[in-house]
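# Commentary on secondary and tertiary structure
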Amino acid sequence: MADRHAHWDRVYTEKRAEEVSWRQDEPTLSLKLISRAGAGRDAPIIDVGGGASTLVDHLLLGGFRDLTVLDIAAPGLEQAKARLGDRANEVNWIVHDVTTWRPARKHRLWHDRAVLHFLTEPAQQTAYAETLRAAIDADGWAIIAGFAPGGPAKCSGLEIVQHDGVSLSKLLGDEFQLMETHGEIHLTPWGAEQAFRYHLFRRNGSSAS
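Below is a short write-up of the structure. Everything quoted here is computed from the prediction, not taken from an experiment. (Residues numbered from 1 in each chain as written. Predicted model: local features only at pLDDT ≥ 70, side-chain atom pairs only at ≥ 80, totals over all residues. Heavy atoms only, no water.)

### Quick look at the packing of aromatic side chains
Put simply, the rule reads: Stacked, edge-to-face and tilted are the three classes for Phe, Tyr and Trp ring pairs, Trp counted by its six-membered ring, which pair at centre distances within 6.5 Å; planes under 30 degrees apart are stacked, over 60 edge-to-face, the rest tilted. Where helices and strands are cited, they refer to DSSP runs of H or I of at least four residues and of E of at least two residues respectively, numbered from the N terminus. Only protein chains enter the accessibility calculation, which uses a 1.4 Å probe. A residue is then buried if its area is under 20% of the maximum for its type, exposed if over 50%, and partly exposed in between. In this scheme, Lys NZ or Arg CZ marks a charge over a ring once it lies within 6 Å of the ring centre and within 35 degrees of the ring normal.
For the coordinates displayed, the defined rule picks out 3 aromatic pairs. Ring geometry for Trp110 versus Tyr128: centroids 5.5 Å apart, planes at 90 degrees, classification edge-to-face. Residue Trp110 is found in strand S4 (residues 107-112), and its partner Tyr128 is found in helix H5 (residues 122-135); the two are separated by 18 residues along the sequence. Neither Trp110 nor Tyr128 differs from the other in exposure class; each is buried. Ring centres of Phe196 and Tyr198 lie 6.5 Å apart, and the angle between their planes is 45 degrees; on these two criteria the pair is classed as tilted. The buried category is assigned to Phe196, whose relative accessible area is 3%. Site record: aromatic cluster; members linked through ring pairs are Phe147, Phe196 and Tyr198. Looking at Arg41, its charged tip hangs above the ring of Phe64, at a distance of 4.5 Å from the centre.

### As for the pattern of salt bridges
Here is the rule we go by: Salt bridges, as used here, are contacts in which a Lys or Arg side-chain nitrogen is within 4 Å of a carboxyl oxygen on Asp or Glu.
On inspection of all chains with the given rule, the structure shows 10 salt bridges. With a shortest N-O distance of 3.2 Å, Glu78 and Lys81 are connected by a salt bridge. Residue Glu78 and its partner Lys81 are both found in helix H4 (residues 74-84); the two are separated by 3 residues, about one turn of the helix. The exposure class of Lys81 is partly exposed, given its relative accessible area of 27%. Two residues, Arg102 and Glu130, come together in a salt bridge whose shortest N-O distance is 3.3 Å. Of this pair, Arg102 sits in the loop between strand S3 (91-95) and S4 while Glu130 is found in helix H5, placing the two residues 28 residues apart along the sequence.

Written as structure tokens, this is what we have:
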């Protein structure tokens, strides 16, 4: 979709972080899976599509010291920075489309709560996987979440793709092993239920390039 930038800039310009459907005051399952991956407090962690998410707040409070948040929408990141105040200076903020971004360094853990499911075209999904492979260590971890099969077919007015362990494993390739899958019923700020599914992958160092 050619106007992804414009769409997400508009969303975060018209709405506060507390008003978007994907808002979480405490990203409990994400934090649980980050702990499962065993990432140390100095491990480089990237939150892809983090926007105004509170995950970075909780990671900072947990003592993590090497955090990057990437999002296509600058206004979303600005909301997060304003919320964090001086602590925003402890985070690396990147405004970019994940399908075209190429990292200058490796990360121990990749977290994506709801970016991949917006990439409905195969070429976009392939580009996403290429970015992920370039972004994490040879034995790094990836957490990928989105609407579960049987859950909503749209989000923020856009069509989405409902992934499961099979489709994600095919996209990422044999060098990634699916370690855990978890379901979550997310409540929007207005009380609607949305079925999410989270996947924890480990990269096999012997297979990674």
